[in-house]
Amino acid sequence: MAFSDIPLEQKQAALHDLKEIKALFAARNWFPGTSGNLSVRVGEFSPEQFYFAVTASGKDKSVHTPEDYLFVDQDGAPSEATGLKPSAETLIHCEIYRKTGCGAIFHVHTIDNNLISDWYGEQGYVPAQGIELIKAFNIWDEDAAIRIPVLPNYADIPRIAELVPDALDPAVPGILLRNHGIYAWGKNAFEAKKHLEAFEFIFEYSYRRLLLNAASTK
Ligand SMILES: CSCCC(=O)C(=O)COP(=O)(O)O
Ligand SMILES: [Zn+2]
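Nothing here was measured: the structure is a model prediction, and the numbers come from that model.

Caption draft 1: Here's a closer look at the packing of helix α3 (residues 111-119) against helix α6 (residues 189-216). Contact geometry for α3 and α6: axes closest at 9 Å, N-to-C directions at 60°. Comparing their axes, α6 and α3 come out oblique. Where α3 crosses over α6, the two elements pack in a sense that is left-handed. Contacts between α3 and α6 involve Asp 112, Asn 113, Leu 115, Ile 116 and Trp 119 from the former and Glu 200, Phe 203, Glu 204, Ser 206, Tyr 207 and Leu 210 from the latter. Residue classes in the contact of α3 with α6 are distributed as 6 nonpolar, 2 polar and 3 charged.

Structure follows, in structure tokens:
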């Protein structure tokens, strides 16, 4: 399917979702210092060919402008003529789409996801067990345990992107970059938002749990 074959309404719906999510997350201070990026996929998916709308690089994500988003293909190349530059981290989105076929990916930097990804960075995953919000990932086992992958935060994004496919756990719709932030995804924007919120709850819980454990051993 060529990009021009994708119905205009689908493209407009993706941009509408991005605008709403961007405003909501900005209100939570989830885009400090122009950090973070968002994308929503459009059209049919095959691992060889897909398209998505992504935030333009380096923008203040707390304001709306006509130059906030552009469409790119499976390699992160713009699908239409534009002067906008896709997010510097677009290749990570490409790898997550290619591997999962998901419909939306949201990336935010928060204090909690930075601290927790650094604390557990050496072992390569953040453990989480018995936290109710794990059910947001459609994991309903009692006392369920998950591992949220943590990748090194190389300056060279293609070097990170090539690690993504092997790091992903099909049951866990998120991946951390150490001392950087989280990518969370879902079949659509609603689900990606739900997953991101659940991850952030788990990180804040884990951080506070570590503090309580440390306090109790004093
Ligand atoms: C200013 S934070 C460093 C870049 C980053 O990690 C990020 O999420 C934003 O980059 P983008 O190119 O998507 O604006
Ligand atoms: Zn980032």
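Caption draft 2: Main features of the coordination of the zinc ion (ligand 2). In the first shell of the zinc ion (ligand 2), the protein supplies Glu 89 (OE), Glu 89 (OE), His 107 (NE2), His 109 (NE2) and His 180 (NE2), at 2.1 to 2.8 Å from the metal. Counting along the primary sequence, the residues that act as donors to the zinc ion (ligand 2) give the motif E-x17-H-x1-H-x70-H. On the criterion of sequence distance, the pair formed by Glu 89 in the loop between β3 (69-73) and α2 (90-100) and His 107 in strand β4 (residues 104-108) is long-range, its members being 18 residues apart. Side by side, Glu 89 and His 107 carry an identical accessibility label, which is buried.

Caption draft 3: Structural context of α2. Among all positions in α2, only Thr 90, Ile 92, His 93, Cys 94, Glu 95, Ile 96 and Tyr 97 are buried. Of the residues flanking the end of α2, it is Gly 101, one or two places downstream, whose phi is positive at about 70°.

Caption draft 4: Looking closely at the sheet that holds strand β1 (residues 37-46). Reading across from one edge, β3-β2-β1-β4-β8-β7-β6-β5 is the order of the 8 strands in this open sheet, with mixed pairing throughout. Because the sheet does not close on itself, it has two edges, and the strands there are β3 and β5 (125-129). Mean inter-strand twist for the sheet, computed between neighbouring axes without regard to direction, equals 20°. Where helix α1 (residues 8-27) meets the sheet, it contacts β1, β2 (49-55), β3 and β4, and its direction lies at approximately 155° from that of β1.

Caption draft 5: Expanded view of the UniProt feature "binding site: Zn(2+)" (unreviewed entry) in the protein. In this numbering, the UniProt entry assigns the feature "binding site: Zn(2+)" (unreviewed entry) to His 107 and His 109. The contact partners of His 107, leaving out residues within four places of it in the chain, are Phe 31, Gly 36, Asn 37, Leu 38, Glu 89, His 180, Gly 181, Ile 182 and Tyr 183. Of the polar contacts made by the side chain of His 107, one reaches the side chain of Glu 89; its length is 3.0 Å. Here His 109 lies in the loop between β4 and α3.

Caption draft 6: Representation of the pattern of salt bridges within the structure. Throughout the structure, instances matching the rule amount to 9 salt bridges. Residue Lys 22 is joined to Asp 68 by a salt bridge in which the shortest nitrogen-to-oxygen separation is 3.4 Å. Of the two residues, Lys 22 sits in helix α1 while Asp 68 sits in the loop between β2 and β3, which places them 46 residues apart along the sequence. A residue is classified by how much of its surface remains accessible, and Lys 22, at 2% relative accessible area, is buried.

Caption draft 7: Summary view of the environment of Gln 129. As for its position among the elements, Gln 129 is in strand β5. Accessibility expressed as a relative area gives 48% for Gln 129, which makes it partly exposed. It is 16 Å that separates the C-alpha atoms of Gln 129 and Gly 174, two residues lying 45 residues apart in sequence. Those residues in contact with Gln 129 that sit more than four places away from it in its chain are Ile 134, Asp 143, Ala 144 and Ala 145. Engagement of the side chain of Gln 129 in a polar contact is seen with the side chain of Asp 143, the distance being 3.3 Å.

Basis of the calculations
Residues numbered from 1 in each chain as written. Chains lettered and ligands numbered in written order. Predicted model: local features only at pLDDT ≥ 70, side-chain atom pairs only at ≥ 80, totals over all residues. Heavy atoms only, no water. Axes fitted to C-alpha atoms, helices over the stretch in contact; angles between N-to-C directions. Helix = DSSP H or I, 4+ residues; strand = E, 2+ residues; numbered from the N terminus. Parallel < 35°, antiparallel > 145°, perpendicular 65-115°, else oblique. Left-handed = near helix turned anticlockwise from the far one by under 90°. Contact = heavy atoms within 4.5 Å. Nonpolar A, V, L, I, M, F, W, Y, C, P; charged D, E, K, R; others polar. Donors = N, O, S within 2.8 Å, 3.2 Å for Na, K, Ca; no water. Buried < 20%, exposed > 50% of the residue type's maximum accessible area, 1.4 Å probe, protein only. Pairing = 2+ DSSP bridges. UniProt positions renumbered as here; feature names shortened; annotations may be inferred. Polar contact = N/O pair within 3.5 Å; in protein donor to acceptor, adjacent residues only side chain to side chain. Salt bridge = Lys/Arg side-chain N within 4 Å of Asp/Glu carboxyl O.

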